[in-house]
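# Fold and geometry: a report
Given next are the chains, with one letter for each unit.
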Amino acid sequence: MRTQVAIIGAGPAGLLLAHLLYKAGVECVILERRDRAYVESRIRAGILEQVTVDLLRQVGVHERMDREGLPHDGFALSTDGDNTRIDMKALTGKSVMVYGQTEVTRDLIDAAIHRDIPLLFEAQDVALHDITSARPRVTFRHDGVDRVLECDFIAGCDGFHGVARASIPADVLRTFERVYPFGWLGVLADVPPCDHELIYASHERGFALASMRSNTRSRYYVQVANTEKVEDWSDERFWDELCLRLGNEVAPRVTRGPSIEKSIAPLRSFVAEPMRHGNLFLAGDAAHIVPPTGAKGLNLAATDVAYLADGLADHYRGNQAGIDAYSARALARVWKAERFSWWFTSLMHRFPETDAFGRRMQIAELNYLRGSHAAQQSLAENYVGLPLH
Ligand code: RFL
Ligand code: PHB
């Protein structure tokens, strides 16, 4: 097999890249380790920045998002049950879209199949070869047959645990990491959300988040210690803890119901530099991880591939500047999102070392945010997403 761009991974990064390349007339093949049902059912992000929404429109995969997505102009910050609305629209002129990553992924896969973009699920033992040469190759096994895919470029869009980043020599790659001493216990339930907007709650007992997927499906999270086991959290225990952290005003509006998904996600900040080695480019979670507090992970994956697709399209028109600038351009935006996600996580969560003074500092900063237009504008500007260019 031969193609121009071999894409490893059919998450949001790999799929969106394939559609951007398709629109630019560049050929690609996507190799995905898992089966389609698995990829389509992975429950993760829920918030799309305007830039991500625009990219989905640009590739023409927006019809269902425009029909079913929920545009949000604001969210609430809760301090021990006391709520302040952050009016994103008034502060920045922009809003975000509530539309699940599962839906984005499904739409992109459906459209890839419709457009005959080669997408191979259950590609086993994917390995990268000759990545610094002009003729890189990807070997893998599919349907019990060993295959070789020759290409000009490889896009490593295979997430945090993928093979692409691991194929870059250790003396070339520099990594930066912070692992947080807690995770998010998430519950999905077919109950109406407690509010029409998201609530980010900083509480003495720990962080909580009220989110949603639709007007009939809620997504809630509570911060838990890394040592917690999901088996120890009955639905009842979860709802009780959530209600305590959301406070007396909101708790009565929380509709309880059986969880249809319950899991614990660890929190991490991570960046690998550079995002290019030879003719291998990393994009999305393969290159960086943010804690979910800022809702940036999926959106960074989308903007990485926007830069990459531009660069690759320019390459085939004879201009190398875009691919040469890719790593630096993507990292400049990534680090700003890393900073924001780290800051917002630090402000909202209870850390083991958060003593009485530390908690007072968090409350003082939240009170400052409540009263300062400038502070709110900075929060909102980052939350809705920094501009692509
Ligand atoms: P993905 O989605 O991990 O996709 C990578 C794909 O590569 C495949 N793969 C391989 N394929 C072939 N060969 C191999 N050796 C392979 N190894 C792996 C995998 O099977 C998979 O299909 O990475 P991508 O595309 O970079 O997308 C990143 C996003 O998924 C991620 O950043 C977000 O989900 C993060 N995130 C959020 N992001 C937001 O923008 N807004 C949010 O509100 C938000 N909330 C969240 C989140 C992540 C969470 N968790 C579970 C970590 C909430 C949570 C709880
Ligand atoms: C979600 O709905 O899953 C979600 C929303 C906002 C975040 C993180 C996750 O910051």
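Residues numbered from 1 in each chain as written. Chains lettered and ligands numbered in written order. Predicted model: local features only at pLDDT ≥ 70, side-chain atom pairs only at ≥ 80, totals over all residues. Heavy atoms only, no water.

An unreviewed UniProt entry lists the chain under the name 4-hydroxybenzoate 3-monooxygenase, from Niveispirillum cyanobacteriorum.

### Considerations on the site of ligand 1
The following threshold applies: Summary of the distance rule: residues count as near a molecule or strand when at least one heavy atom falls within 4 Å of that molecule or strand. Whenever a nitrogen or oxygen atom comes within 3.5 Å of another N or O atom, the pair is scored as a polar contact, on the condition that within protein one atom can donate a hydrogen and the other can accept it, and that pairs from neighbouring residues in sequence are kept only if both atoms are in side chains. Each accessible area is a Shrake-Rupley estimate made with a 1.4 Å probe; only the visible protein chains count as cover when residues are assessed. Helix and strand definitions follow DSSP, with helices as H or I runs of at least four residues and strands as E runs of at least two, each counted in order from the N terminus.
The full set close to ligand 1 counts 33 residues, and Glu32, Arg42, Gln101, Asp285 and Leu298 are the nearest of them. Here an oxygen atom of ligand 1 and a side-chain polar atom of Glu32 are 2.6 Å apart. Here an oxygen atom of ligand 1 and a backbone polar atom of Gly46 are 3.2 Å apart. The fraction of the free accessible surface of ligand 1 (1,000 Å²) that becomes covered by protein chains is 89%. Every element with two or more residues in the shell around ligand 1 is listed here: helix 1 (12–23) and helix 8 (297–316). For the shell around ligand 1, the leading source of residues is helix 8, giving four residues.

### Section: the environment of Ala328
Where we set the bar: For each residue, the accessible area found with a 1.4 Å probe, counting protein chains only, is set against the maximum for its type, and the residue is called buried under 20%, exposed over 50%, and partly exposed in between.
Within the secondary structure, Ala328 is located in helix 9 (residues 321–348). Judged by its relative accessible area of 55%, Ala328 is exposed. Sequence separation of Ala328 and Leu55 is 273 residues, and the distance between their C-alpha atoms is 21 Å.

### Overview of the sheet that holds strand 2 (residues 28–31)
Selection criterion: Two strands pair under a simple rule: DSSP has to find at least two bridges between them.
Read from one edge of the open sheet, six strands run 8-2-1-12-19-18, paired in mixed fashion. Each edge of the sheet is formed by a strand with only one pairing partner; in this case those strands are strand 8 (119–120) and strand 18 (276–277). Examined bridge by bridge, strand 1 (residues 5–8) and strand 12 (residues 153–156) share four bridges and lie parallel to one another. By the bridge assignment for strand 12, Ala6 is matched with Ile154.

### A closer look at the pattern of salt bridges
How we decide: Only one rule defines a salt bridge in this text: a Lys or Arg side-chain nitrogen within 4 Å of an Asp or Glu carboxyl oxygen.
Across all of its chains, the model carries 31 salt bridges by this definition. In this structure, Asp80 and Arg359 form a salt bridge, with 3.1 Å as the shortest nitrogen-oxygen distance. Here the residue Asp80 occupies a position in the loop between strand 5 (74–79) and strand 6 (82–87), and Arg359 occupies one in helix 10 (residues 356–371), the gap between them amounting to 279 residues. Under the relative-accessibility criterion, Asp80 is labelled partly exposed at 36%. With a shortest N-O distance of 4.0 Å, Arg237 and Glu228 are connected by a salt bridge. A relative accessible area of 27% means that Glu228 is categorised as partly exposed. Via salt bridges that share partners, Glu63, Arg64, Arg67, Glu68, Glu103, Arg106 and Asp107 belong to a single interconnected network.

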